[in-house]
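# Chains, contacts and geometry: an overview
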Amino acid sequence: MEYSSDDVAAAQSLQFSTYMCISMAAFWTYDYVCSLHEEWTFLLRSNWNKLKGLYIVTRYLPFMLLAMLLYVNFIPNENLHTCRVLSIINAVLGMVLVIFPECFFIVRTYVLWNKNRTLLAATLSTAFTFMVASLSIIFTTVVPAAYSTSAIPGITGCYLSSTSSLLFIPFLLLFVFELGLMILTLIRAIQSWRMNSGHLYDVLVNHNIFYYACGLLFSVINIFTLLLLQYSYHSMLHNFQFVILAILATRMHLHLWQMNRHARGSSAFMRIPMSEMSSTVFMA
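As a starting point, this report considers the structure included with it. (Residues numbered from 1 in each chain as written. Predicted model: local features only at pLDDT ≥ 70, side-chain atom pairs only at ≥ 80, totals over all residues. Heavy atoms only, no water.)

### Regarding the nonpolar core
Counting 65 residues, the largest nonpolar core has Phe104, Phe105 and Tyr211 as the members making the most contacts within it. Top contributing element to this core by residue count: helix α4 (residues 80-112), with 14 residues. If we ignore the near neighbours within four places in the chain, the residues touching Tyr211 are Pro101, Glu102, Phe105, Glu178, Leu245, Leu248, Ala249 and Met252. Counting six residues, the second-largest nonpolar core is a separate cluster that includes Ala10, Leu14, Ile152 and Tyr159. (Core = buried A, V, L, I, M, F, W, Y, C linked by side-chain atoms within 4.5 Å. Buried < 20%, exposed > 50% of the residue type's maximum accessible area, 1.4 Å probe, protein only. Helix = DSSP H or I, 4+ residues; strand = E, 2+ residues; numbered from the N terminus. Contact = heavy atoms within 4.5 Å.)

### A short note on helix α3 (residues 50-73)
Helix length check: α3 (24 residues) gives 35 Å between terminal C-alpha atoms against 34 Å at 1.5 Å per residue, within 8%. With a side-chain oxygen positioned 3.1 Å from the backbone nitrogen of Leu51, the residue opening α3 is Asn49. (Expected span 1.5 Å × (residues − 1). Polar contact = N/O pair within 3.5 Å; in protein donor to acceptor, adjacent residues only side chain to side chain.)

### Some points on a nonpolar patch on the surface
Taken together, the side chains of Val220, Phe224, Leu227, Leu228 and Leu229 make up a nonpolar region of the molecular surface, amounting to roughly 460 Å² of accessible area. With respect to the helices and strands, the residue Leu227 is situated in helix α7 (residues 199-228). (Patch = residues over 30% accessible without salt bridge, like charges linked within 9 Å, V, L, I, M, F, W, Y side chains within 5 Å. Areas by Shrake-Rupley, 256 points an atom, 1.4 Å probe, with all protein chains shown as cover. Salt bridge = Lys/Arg side-chain N within 4 Å of Asp/Glu carboxyl O.)

### Here's the deal with the pattern of salt bridges
Applying the stated criterion to the full structure yields three salt bridges. A salt bridge links Asp31 to Arg59, with the nearest nitrogen and oxygen atoms 2.8 Å apart. Here the residue Asp31 occupies a position in helix α1 (residues 5-34), and Arg59 occupies one in helix α3, the gap between them amounting to 28 residues. Arg59 carries the same exposure label as Asp31, and that label is buried. Salt-bridge contacts for Glu39 lead to Arg59; the nearest nitrogen and oxygen are separated by 2.8 Å. A residue pair is termed long-range when its members are at least 10 positions apart, and Glu39 in helix α2 (residues 36-45) and Arg59 in helix α3 qualify at 20 residues.

### With respect to the packing of α1 against α2
How two helices sit against one another is set out by the angle between their axes and by the gap between those axes. Where α1 meets α2, the axes come as close as 5 Å, and the angle between the chain directions of the two elements is 65°. Where α1 approaches α2, its residues Tyr32, Val33 and Cys34 are matched on the opposing element by Leu36, Glu38, Glu39 and Trp40. Its residues placed into classes, the contact of α1 with α2 shows five nonpolar, no polar and two charged. (Axes fitted to C-alpha atoms, helices over the stretch in contact; angles between N-to-C directions. Nonpolar A, V, L, I, M, F, W, Y, C, P; charged D, E, K, R; others polar.)

### Some thoughts on the environment of Cys214
Take Cys214: it is sitting in helix α7. Residue Cys214 is classed as buried on the basis of its relative accessible area of 17%.

### Re the packing of aromatic side chains
Using the criterion set out here, one finds eleven aromatic pairs in the structure. Centre to centre, the rings of Tyr32 and Tyr60 are 5.9 Å apart; their planes meet at 70°, and the pair counts as edge-to-face. Here Tyr32, found in helix α1, pairs with Tyr60, found in helix α3; they are 28 residues apart in sequence, far enough to count as distant. Owing to a relative accessible area of 18%, Tyr32 belongs among the buried residues under this scheme. Residue Tyr60 is classed as partly exposed on the basis of its relative accessible area of 27%. (Phe/Tyr/Trp six-rings, centres within 6.5 Å; stacked < 30°, edge-to-face > 60°.)

What follows is the structure, encoded as structure tokens:
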């Protein structure tokens, strides 16, 4: 039986999506195993606070996301309704997942700006507005959209057969939000680089800049894939961005905690203690 070029292209995109999903799961597992000792040291020895709770959610929510993605990619073709429902849940879960890593850097920016409550209120208001707008776009475009499976036997998974041009907006909003936080970090670093020479302060700023650079790069790539590619290619890097940002945020927080713990007796390292950060989570 001969298949059309569209059938072949759709099947190839589903296979590529499956490979990406397996790669993400393998990478997340590898990262978890490599940091297992440091992570459990942090979980057992650090004080319980809101920031630690945020760490746990950010660290382990990708496990749920990846498990569902693997199931969606290997689901039999006849279960199109199940595939559709799980794909919608994954889209919402992915957008929710990206919120938690951003919270780490909202807190860090708040600390860098000497706990400026006006800045915190403005940042949280902007984040909430962008989150509501992004979730609204997902519900109005992804939920009513049509899903398709491959016409070629043996190719599992499903994809959006009708996409909306509005789907790139959540990534555009994320790009704008992270660019704003990056600018705030750079302004603060330039203003206070002479006064704050502590190594912990330098690490905090470097972490922020590297995280924002990665987030901006992935957002730009996802915007272009959504606008230019078809089949499942257009969404192949969505969840990859979410998982990578979660890994970066938790790794950086773990590194900062380890540095603060090992340098507890040094005043140069105590410019921004972790107790300060943990006490400022979501406080106005």
